[in-house]
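Coordinate analysis (summary)
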Amino acid sequence: MKKVIIFLCLIFLNGCNSREAIKNIDNIEDKQYKTTMKQDILSIMMAYPGYIVDIKVENDNVYLITKGNQKIIYDHKTQKSDEEKLNNPSIKDVLEQIYPLNDIDTLPEQNFNPGRVRLYSLLKEVYGHTKEQIESNLVNVKCGYRNYPFNSKNNAAKSLEKAMKEVSLLAEQSYHIRNCLYPISGTYNFRYIAGTNRLSPHAFGIAIDLARDNRDYWKWASREQGQARLSSYSKEIVRIFEKNNFIWGGKWGYFDILHFEYRPELIIKSRYFSKKESNGIWYEGVPLNEEIKKYIQLIDSKLE
Ligand SMILES: [Zn+2]
């Protein structure tokens, strides 16, 4: 009898322990989810300064409120395929895969494509809702001997100008860099991504294609050909564009090696928040100017 009671007690205690353990895992996951959410939202606010004016929590859903009074959801909280993320993205979907800022030597896995999911509602508000609006925001940026139209909003054209200045100085010294850069294939082009009803980032005037090689694009070339082109590509060009908040299509499984796209939210998230665990402060490492302090205050006050 005694033995049976002890046995039952042990089972009971064991049950308590595992319940406790599950609760702890839930707590840790909950904390990580919240930290990532705050970091994602801060990345968006820093990348599009002035465009996010408030944060709202309704029925457990978090929304960013834009200057143009749009409500952009942070997380749909449903399982989505990659195609669904491309067609109907949340902020979480856009920033889910962290863009790597290190040099790479091999093409990423097919399903690794950080930045290929785009938040069109925000892009339209920032760069223009229609072809006419976008075109009225374009300015010329000197790239080599020619001018190319790029969007003047949100520092996009200025960032291209800075990147081109630095990279063209290097090109004067290096045949290899010159060859990767020129002739530039194009910037603004109001078109849809082939085979989809999604606008190309070129349609917003926030992307540039450098010199074309037939092995550059996943639809034109095999992965082996893409890999060979990647191996021979100038790492200096990539580093300079990334420093100026451009992501590179060479770091996508669906590779697009001549393509650079102005996406400050991806670069900012990677620059400051790519380490898995920090020591408590969720915004550790971010440069704290007055503007950014205000963003952090807003985020902390709304998401406790
Ligand atoms: Zn392109």
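See the structure above.
Residues numbered from 1 in each chain as written. Predicted model: local features only at pLDDT ≥ 70, side-chain atom pairs only at ≥ 80, totals over all residues. Heavy atoms only, no water.

**Brief notes about the pattern of salt bridges**
Inspection of the entire model under this criterion finds 22 salt bridges. The partner of Asp300 in a salt bridge is Lys38, with the nearest N and O atoms 2.8 Å apart. Pair noted here: Asp300 is in helix α11 (residues 290–302) and Lys38 is in helix α1 (residues 2–47), with a separation of 262 residues, a long-range link. One salt bridge connects Lys302 with Asp54, and the closest N-O pair in it is separated by 3.5 Å. With Lys302 in helix α11 and Asp54 in strand β1 (residues 52–58), this residue pair connects regions lying 248 residues apart in the sequence. Look at Lys302 and you get partly exposed, because its relative accessible area is 35%. (Salt bridge = Lys/Arg side-chain N within 4 Å of Asp/Glu carboxyl O. Helix = DSSP H or I, 4+ residues; strand = E, 2+ residues; numbered from the N terminus. Buried < 20%, exposed > 50% of the residue type's maximum accessible area, 1.4 Å probe, protein only.)

**A short note on the packing of helix α6 (residues 156–173) against helix α9 (residues 235–243)**
Axis separation between α6 and α9 bottoms out at 9 Å; the angle between their running directions is 155 degrees. One element, α6, and the other, α9, form an angle in the roughly antiparallel class. Along this stretch, α6 crosses α9, giving a crossing that reads as right-handed. Across the interface between the two elements, Leu160, Ala163, Met164, Glu166, Val167 and Leu170 of α6 pack against Glu236, Ile237, Ile240, Phe241 and Lys243 of α9. (Axes fitted to C-alpha atoms, helices over the stretch in contact; angles between N-to-C directions. Parallel < 35°, antiparallel > 145°, perpendicular 65-115°, else oblique. Left-handed = near helix turned anticlockwise from the far one by under 90°. Contact = heavy atoms within 4.5 Å.)

**Some details on empty space enclosed by the protein**
To find the voids left in a structure, one rolls a probe of water-molecule size over its atoms. Across all of its chains, the model carries one cavity of 30 Å³ or more by this definition. Size it by volume and the largest cavity reaches roughly 60 Å³. Lining the largest cavity we find Asp103, Ile104, Leu230, Tyr233, Ser234, Lys235, Val238, Trp248 and Lys251. By residue class, the composition of the lining of the largest cavity is five nonpolar, one polar and three charged. (1 Å grid on protein atoms, 1.4 Å probe; cavity = no way out; pocket = protein on both sides within 12 Å on 5 of 7 lines; lining within 4 Å. Points joined across faces, edges and corners; volume = space filled by probe spheres on them. Nonpolar A, V, L, I, M, F, W, Y, C, P; charged D, E, K, R; others polar.)

**Brief notes about α11**
With 13 residues, α11 extends 19 Å between its outermost C-alpha atoms, agreeing within 8% with the 18 Å of an ideal straight helix rising 1.5 Å per residue. Considered for burial, the residues of α11 that qualify are Ile292, Tyr295, Ile296, Leu298 and Ile299. Each buried residue of α11 lies within a common arc of 160 degrees when the element is viewed along its axis, so the set occupies one face. Among the exposed residues of α11, those oriented more than 90 degrees off its buried face are Glu290, Lys294, Gln297 and Ser301. Where α11 starts, the residue carrying a side-chain oxygen 3.1 Å from the main-chain nitrogen of Glu291 turns out to be Asn289. (Expected span 1.5 Å × (residues − 1). Arc of directions from axis to C-beta. Polar contact = N/O pair within 3.5 Å; in protein donor to acceptor, adjacent residues only side chain to side chain.)

**What to know about the coordination of the zinc ion**
Note on the zinc ion: its protein donors are His202 (NE2), Asp209 (OD) and His259 (ND1). The metal-donor distances range over 2.0 to 2.1 Å. On the primary sequence, the residues serving as donors to the zinc ion are separated as H-x6-D-x49-H. In this pair, the class of His202 matches that of Asp209, namely buried. (Donors = N, O, S within 2.8 Å, 3.2 Å for Na, K, Ca; no water.)

Everything listed here is a matter of geometry and, on its own, says nothing about what the molecule does.
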